[in-house]
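Summary of structural features
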Amino acid sequence: QMTGAMDSSLTIVERAISADGLAATAEARLVNWPLLKTAARQVAQLSVLDIDDVLLKAVRLPFQVRDGRVHIPASNLTAAGMACTLSGSGGLDGSLDFSLDVDLPLSRLKAVGGAGLQGALASVLGGRDAVLPFRVRIQGTSARPAVTGGLRTDAAGSSQKDVRKGVESKARNRLKGLF
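Summary of the structure given here. (Residues numbered from 1 in each chain as written. Predicted model: local features only at pLDDT ≥ 70, side-chain atom pairs only at ≥ 80, totals over all residues. Heavy atoms only, no water.)

**Points about the sheet that holds strand E8 (residues 145-151)**
What counts here: Only strands joined by at least two bridges in the DSSP assignment are considered to pair. Per the convention used, a helix needs a DSSP run of H or I reaching at least four residues, while a strand needs a run of E reaching at least two, with both numbered from the N terminus.
The 8 strands lie next to each other as E1-E2-E3-E4-E5-E6-E7-E8, forming an open sheet whose pairing is antiparallel. For this open sheet the edge positions go to strand E1 (2-3) and E8, each flanked by a neighbour on one side alone.

Okay, here's the thing in structure tokens:
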């Protein structure tokens, strides 16, 4: 459902547009999307992904248009074989304010830090099936997106504590063997 208004010159008044809808597809591909290329340049952790061709599965994005923005509540999807949650809004003026939460499988880290990094994190976080809770923030504008990434704040505390405890324990054990 969509409603809106026009001014006296028959120009659409963007702030007056309102809509509720659902964008859904069983499968889609993002091929050579400039925003993904920018994201990979700005967030090193995304280098594990083939950003030239990203397969999306089970996409169901409810949305609302109000106050000149398209709002997407937290919505689950699968991108590049990883569980993701997308939320945020994009302005009809091109402004961006989105979060993409990704459960980054440790198996994907082998390409970045080799088997050593993958193995160290797996031993600390609970095995090779563990995931790093990662958040990508997409802000700025569609013409000049600003992309940042890091551990999710909802999980960063526990993940960072687990990593710190594991590293400290391993360091103590190694030091004991030296003395």
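**Here's the deal with the pattern of salt bridges**
Note the following rule: Between Lys or Arg on one side and Asp or Glu on the other, a salt bridge is scored when a side-chain nitrogen of the former is within 4 Å of a carboxyl oxygen of the latter. Residue exposure (1.4 Å probe, protein chains only): buried if accessible area is under 20% of the type maximum, exposed if over 50%, otherwise partly exposed.
Using the criterion set out here, one finds 5 salt bridges in the structure. Note that Asp97 is salt-bridged to Arg137, the shortest N-O span being 2.7 Å. Residue Asp97 is found in strand E6 (residues 95-105), and its partner Arg137 is found in strand E7 (residues 131-141); the two are separated by 40 residues along the sequence. One salt bridge in this structure joins Arg152 and Asp103, with 3.2 Å as the shortest N-O distance. Residue Arg152 is found in the loop between E8 and helix H3 (153-178), and its partner Asp103 is found in strand E6; the two are separated by 49 residues along the sequence. Residue Arg152 is classed as buried on the basis of its relative accessible area of 12%.

**Points about the side chain of Asp101**
Formally: Distance and chemistry together define a polar contact, namely a pair of N or O atoms within 3.5 Å, with one atom able to donate a hydrogen and the other to accept it when in protein, and with adjacent residues in sequence counting only for side-chain atoms on both sides.
Relative to the helices and strands, Asp101 resides in strand E6. Here Arg135 takes part through its side chain, which lies 2.6 Å from a polar atom of the side chain of Asp101.

**Quick word on the nonpolar core**
The test is simple: The set of buried Ala, Val, Leu, Ile, Met, Phe, Trp, Tyr and Cys residues whose side-chain atoms join them within 4.5 Å is what this entry labels a nonpolar core. Here, two residues are considered to be in contact whenever any of their heavy atoms come within 4.5 Å of each other.
If you look at the biggest cluster of nonpolar residues, it comprises 26 residues, and the most contacted ones within it are Leu77 and Ile138. Every element with two or more residues in this core is listed here: helix H1 (34-42), strand E3 (53-66), strand E4 (69-79), strand E5 (82-91), E6 and E7. Beyond its immediate sequence surroundings of up to four residues, Ile138 is in contact with Leu35, Leu96, Asp97, Phe98, Ala146 and Val147.

**Some words on the pairing of E3**
When strand E2 (residues 18-31) meets E3, the two strands line up antiparallel, connected through 12 bridges. When the bridges of E3 are listed, Ala23 appears paired with Leu61. By the bridge criterion, 5 bridges tie E3 to E4 in an arrangement that is antiparallel. Among the inter-strand pairings, Leu56 is bridged to a residue of E4, identified as Ala79. Following E3, the chain reverses through 2 residues before pairing antiparallel with E4; Asp67 in that reversal takes a positive phi of roughly 55°.

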